[in-house]
Amino acid sequence: MLERKAMRIMAVRRLLQVAAIALAVLLLWAIFMRGDVGNDAGLPSSPGEELTDGHAPGVRRQDDGIIKVGLTMDTLQEERWIKDQEMFGEAVEALGAEFIVMTADSDDAKQIEQAETLISMGVDILVVVPHDAEATATIVNKAHAAGIKVMSYDRLVRNADVDLYVSFDNERVGELQAEVITKLVPEGKYVFIGGADTDYNAHLVKKGVFNVLQPFIDRGEITVVFDQWTRNWLPANARDNMRAALRANEGRIDAVIAGNDATAGGAIEALAEWGLAGKVPVAGQDAELAAAQRIVAGTQTMTVYKPIRQLAEVAAELAVKMAKGETPRADRLVNNGKIDVPSVLLTPIAVNADNIDETIIADGFHSREEVYKLIER
Ligand code: BGC
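Residues numbered from 1 in each chain as written. Predicted model: local features only at pLDDT ≥ 70, side-chain atom pairs only at ≥ 80, totals over all residues. Heavy atoms only, no water.

**Q** Help me understand helix α2 (residues 79-94) in this model?
**A** The periodicity of an α-helix, 3.6 residues per turn, causes residues three or four places apart in sequence to face the same way. Here α2 contains 16 residues, and its C-alpha end-to-end distance of 23 Å stays within 8% of the 22 Å for a straight helix at 1.5 Å per residue. Within α2 the residues assigned to the buried category are Arg-80, Trp-81, Lys-83, Asp-84, Gln-85, Met-87, Phe-88, Gly-89, Ala-91 and Val-92. Check the buried side of α2 and you find it contacts β3 (68-73), β4 (98-103), β5 (125-128), β6 (149-153) and α10 (308-323). (Helix = DSSP H or I, 4+ residues; strand = E, 2+ residues; numbered from the N terminus. Expected span 1.5 Å × (residues − 1). Buried < 20%, exposed > 50% of the residue type's maximum accessible area, 1.4 Å probe, protein only. Contact = heavy atoms within 4.5 Å.)

Next up, the structure:
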């Protein structure tokens, strides 16, 4: 009886010893895995990842192991932004990261507030399509204060330490527009319907347009009789500008270069009121479906196609790299008023009625059926 009791006590003791060893091994393993061996207390520190590569060394963020990519967009007004949102989101998720998006509806205060929300949600990288190039500088500063890097997507944030800018070559967009139109109209009265003054892309496109027009202007062959920005890129504002240009010149306009397809559409509405749609060459950009349909119908001359999937995939890959603390490759520098921003600029493609099939249709950007559905073939 006594012997059995003693054996039971010994068994319990052995069990306790084994449990104590197991606990010690577990503790040591946990300490080792946290990389905290040798800290002051000799104990694991509070949860969170010490950022060594961000702009605010010492800032600690929660790290649940999943990379979170936050995107703040200006608008979904133009067709392209819906593609951007979908394709960028898909590409981010395909890389195993989480995607969070917010859209500010052209409201600067709202965009800043949404960026703050994304920062407080613990995104590992903040991607910004700015509404106002200058106003969004504050977003970059706030993200950096939290140790989060910032990518400018399609549009450049001005006067801030942007970490990376990924876009198409917007100056080249303007050059392509003007190259096509000056071939058709080497002399005459030109109207320039710019994009939104608050969007730096609109300025880059304008620079490209005038790179090409200037020699014609200098030789007295081309006169730019109207040159205005379009507030918030709104087609109705572009239509009103075009109406004013037509009135001032009594309908004698020879060519129109517009900031994008939406503003080109507004300008074409005004031309139609003067019976000039299809008679005056018009350039746009984005390869929107409505523009593609106008091109095959003959009321718009050309558009500039920017393959959005390419932009979305490149941007997603680089965003995830940046979130991991890697330095992404950049092929050039673009000055944003404060610094030379490392940039990746993709190549835009000029599209007219002759190459529409082998570009936007061949790429599946729009189907052949959709593009030609309003005209007889
Ligand atoms: C983009 C264009 C777009 C425009 C209006 C620009 O910054 O580059 O593709 O049409 O914004 O949203």
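On we go.
**Q** Please explain the sheet that holds β5 as it appears in this structure.
**A** Sheet strands pair by backbone hydrogen bonding; their relative direction is either parallel or antiparallel. With mixed pairing, the 7 strands of this open sheet are ordered in space as β4-β3-β5-β6-β7-β14-β13. Strand pairing shows two members of the sheet lacking a second neighbour, β4 and β13 (332-335), which therefore form its edges. When strand polarity is set aside, the average angle formed by the axes of neighbouring strands in this sheet is 30°. Where β3 lies against β5, 4 bridges are found, and the strand directions are parallel. (Pairing = 2+ DSSP bridges. Axes fitted to C-alpha atoms, helices over the stretch in contact; angles between N-to-C directions.)

**Q** Just checking my understanding: could you explain the site of the ligand for this structure?
**A** Neighbouring the ligand are the residues Glu-78, Arg-80, Trp-81, Asp-154, Arg-155, Asp-199, Asn-201, Trp-233, Asn-260, Asp-286 and Lys-306. Here Asn-260 contributes a side-chain N or O atom positioned 2.9 Å from an oxygen atom of the ligand. Compared with its free state, where it exposes 310 Å², the ligand has 100% of that area covered by protein. Broken down by class, the residue content of the shell around the ligand amounts to 2 nonpolar, 2 polar and 7 charged. (Near = heavy atom within 4 Å. Polar contact = N/O pair within 3.5 Å; in protein donor to acceptor, adjacent residues only side chain to side chain. Areas by Shrake-Rupley, 256 points an atom, 1.4 Å probe, with all protein chains shown as cover. Nonpolar A, V, L, I, M, F, W, Y, C, P; charged D, E, K, R; others polar.)

**Q** Is there a simple way to think about the packing of helix α5 (residues 170-184) against helix α6 (residues 200-218) in this case?
**A** Two quantities define a packed helix pair, namely the angle between the axes and the distance from one axis to the other. Viewed as axis vectors pointing N to C, α5 and α6 meet at an angle of 40°, and their least axial separation amounts to 6 Å. Crossing handedness for the pair α5 and α6: right-handed. In this structure, α5 contributes Asn-170, Glu-171, Val-173, Gly-174, Glu-175, Gln-177, Ala-178, Glu-179 and Thr-182 to the contact, and α6 contributes Asn-201, Leu-204, Val-205, Lys-207, Gly-208, Val-209, Asn-211, Val-212, Leu-213 and Phe-216. Its residues assigned to classes, the contact of α5 with α6 comprises 8 nonpolar, 7 polar and 4 charged. (Left-handed = near helix turned anticlockwise from the far one by under 90°.)

**Q** What's the story with unusual backbone geometry in this structure? I'm lost.
**A** Excluding glycine, residues mostly have negative phi values, and the peptide bonds linking residues are mostly trans. The backbone phi angle of Ser-106 is positive, close to 60°, even though this residue is not glycine. Checked against the element boundaries, Ser-106 lands in the loop between β4 and α3 (108-120). On the basis of relative accessible area, Ser-106 is assigned to the partly exposed category, the value being 21%. Positive phi outside glycine occurs at Ala-287, with the angle close to 55°. You can see Ala-287 is positioned in the loop between β11 (282-283) and α9 (289-297).

**Q** I would appreciate a short explanation of the pairing of β5 in the present structure.
**A** Side chains on a regular strand alternate between the two faces of the sheet. Side chains Ile-125 and Val-127 of β5 all project onto a buried face; the interleaved residues Leu-126 and Val-128 project onto the opposite face, where all are buried too. With 4 bridges joining them, β5 and β6 adopt parallel strand pairing. Of the residues in β6, the one forming a bridge with Val-127 is Met-151. Handedness of the crossover joining β5 and β6 through helix α4 (residues 137-145) is recorded here as right-handed. (Right-handed = clockwise from strand over helix to strand, strands pointing away.)

**Q** Would you take a moment to explain the pairing of strand β7 (residues 164-168) for this structure?
**A** A large share of β7 lies buried, amounting to 5 of its 5 residues. Alignment of β6 against β7, held across 3 bridges, turns out to be parallel. Paired with Ser-152 across the two strands is Tyr-165, which belongs to β7. One ladder, built from 4 bridges, connects β7 with strand β14 (residues 340-346); its direction is parallel. When the sheet's bridge partners are listed, Val-166 is paired in β14 with Val-344.

**Q** How should the pattern of salt bridges be read in this particular structure?
**A** If the charged atoms of two oppositely charged side chains come close together, the side chains can form a pair. Considering all chains together, one arrives at 25 salt bridges under this definition. Where Asp-240 meets Arg-243, a salt bridge forms, and the shortest distance between an N and an O atom there is 3.5 Å. Here Asp-240 and its partner Arg-243 are both found in helix α7 (residues 235-248), 3 residues apart, which amounts to about one turn of the helix. Sharing partners across several salt bridges, the network here consists of Arg-239, Asp-240, Arg-243, Glu-269 and Glu-273. (Salt bridge = Lys/Arg side-chain N within 4 Å of Asp/Glu carboxyl O.)

**Q** Please explain the nonpolar core as it appears in this structure.
**A** The nonpolar side chains of soluble globular proteins are, as a tendency, buried together. Counting 45 residues, the largest nonpolar core has Val-69 and Phe-88 as the members making the most contacts within it. Membership of the second largest hydrophobic core comes to 26 residues, among which are Val-123, Ala-137, Ile-139 and Tyr-165. (Core = buried A, V, L, I, M, F, W, Y, C linked by side-chain atoms within 4.5 Å.)

**Q** What exactly am I supposed to notice about helix α8 (residues 261-273) here?
**A** Taking 1.5 Å as the rise per residue, α8 with 13 residues should run 18 Å; its terminal C-alpha atoms sit 18 Å apart, in good agreement. Among all positions in α8, only Asp-261, Ala-262, Thr-263, Ala-264, Gly-265, Gly-266, Ala-267, Ile-268, Ala-270 and Leu-271 are buried. Its buried side turned inward, α8 meets β8 (188-193), α7, β10 (255-258), β11, α9 and β12 (303-305). The N-terminus of α8 is capped by Asn-260, whose side-chain oxygen sits 3.3 Å from the backbone nitrogen of Ala-262. Within two residues after α8, Gly-275 carries a phi angle of roughly 70°, on the positive side.

**Q** Sorry if this is basic, but what is going on with the packing of aromatic side chains here?
**A** Think of a pair of aromatic rings as described by two things: how far the centres are apart, and how the planes are tilted against each other in angle. Taken as a whole and judged by the stated rule, the model has 4 aromatic pairs. Taking the centre distance of 4.9 Å and the plane angle of 65° together, the rings of Tyr-305 and Phe-365 count as edge-to-face. Placement of Tyr-305 in strand β12 and of Phe-365 in the loop between α11 (357-361) and α12 (368-372) is noted, with a sequence separation of 60 residues between them. For the pair formed by Tyr-305 and Phe-365, the shared burial category is buried. Through pairs of rings, three or more aromatic residues link up here, namely Phe-88, Phe-99 and Tyr-153. Here Arg-80 stacks its cationic end above the ring of Trp-81, 3.9 Å away from the centre of that ring. (Phe/Tyr/Trp six-rings, centres within 6.5 Å; stacked < 30°, edge-to-face > 60°. Lys NZ or Arg CZ within 6 Å of the ring centre and 35° of its normal.)

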